[in-house]
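Overview (structure and organization)
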Amino acid sequence: MKKITLCLLFALFCTVLAFSQGNKRTISVSGSGSVRVPADTARLTFSVITKEKLALDSVQNNATKMNNVYDALKKIGIDEKNISTANYSLYQETIYKDGKNEPGAYVTSNDIIVLLDDVDKSGIVIDTAIAAGVNRMNGISFLVRDSKAAQDEARILAFQQAKEKAELYAAQAGCKLGKVISIVEDGGYYPAVRESADMKLMATSNSTTISAGTDSITASVSVVFELEIR
């Protein structure tokens, strides 16, 4: 009988211990961090568009102009590996005349992307490309090429903010902060990119001035801390 009683007491102790460990007092908080970094890469998109009565003439005229653009960009130091074709198309226009559709000119469109490691060259690249034959600019965007250090700094700031919040709440509840139970990074990380709507572009009498400015690298986390009674 004594042996059975001891077994029951031991089982009861294990049950209470398991219940205690499985029902820890915790606090869940979130934090965010942001670091400003200068944009160091520019992405420019240009187009050469030609219209001719004959398809072959349109294609050949376009090729001549685009070759001039390539040559001009290389002369100012743009490596050919940083120039790539984004899209190429040939189609015949349709003209509505006298109540019916009639075939029009053949349109050739050749789009290229120019990547610049030196964003300060953006203005001269725009001017050079247009002077060489580009007749449409489709946009410019800026990004941060290597943002790992800034990303890690933003994560540290995010965790510190979460911890400060947890310490404040714990103190108000008459508790103290215990160990970290879990850390979850909210969302994913994406390189900072700003489109042309956010850039500063000014056409002067001599050249186009581009200002890339800075971008924000952000991080946010959700952290669960254990609460300990004082």
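Please read all numbers here as calculations on a predicted model, not as lab measurements.

Quick word on the pattern of salt bridges
Scanning the model with the defined rule gives 8 salt bridges in all. Between Glu 93 and Lys 51 there is a salt bridge, with its nearest N and O atoms 3.0 Å apart. Placement of Glu 93 in strand β3 (residues 83-97) and of Lys 51 in strand β2 (residues 41-52) is noted, with a sequence separation of 42 residues between them. A salt bridge links Arg 155 to Glu 185; the nearest nitrogen and oxygen atoms lie 2.6 Å apart. Within this pair, whereas Arg 155 is found in helix α4 (residues 148-172), its partner Glu 185 is found in strand β6 (residues 175-185), the two being separated by 30 residues in sequence. Take Arg 155: its relative accessible area is 29%, and that puts it in the partly exposed class.

Notes on helix α2 (residues 55-75)
Its 21 residues give α2 an end-to-end C-alpha distance of 30 Å, which sits within 8% of 30 Å, the value for a rise of 1.5 Å per residue. For α2, the set of buried residues is Ser 58, Asn 62, Met 66, Val 69, Tyr 70, Ala 72 and Leu 73. Summarising the axial view, the buried residues of α2 lie within an arc of 165 degrees, below the 170-degree limit, and thus occupy one face. Residues of α2 that are exposed and point over 90 degrees away from its buried face: Leu 56 and Lys 75.

Reading the values: rules and limits
Residues numbered from 1 in each chain as written. Predicted model: local features only at pLDDT ≥ 70, side-chain atom pairs only at ≥ 80, totals over all residues. Heavy atoms only, no water. Salt bridge = Lys/Arg side-chain N within 4 Å of Asp/Glu carboxyl O. Helix = DSSP H or I, 4+ residues; strand = E, 2+ residues; numbered from the N terminus. Buried < 20%, exposed > 50% of the residue type's maximum accessible area, 1.4 Å probe, protein only. Expected span 1.5 Å × (residues − 1). Arc of directions from axis to C-beta.

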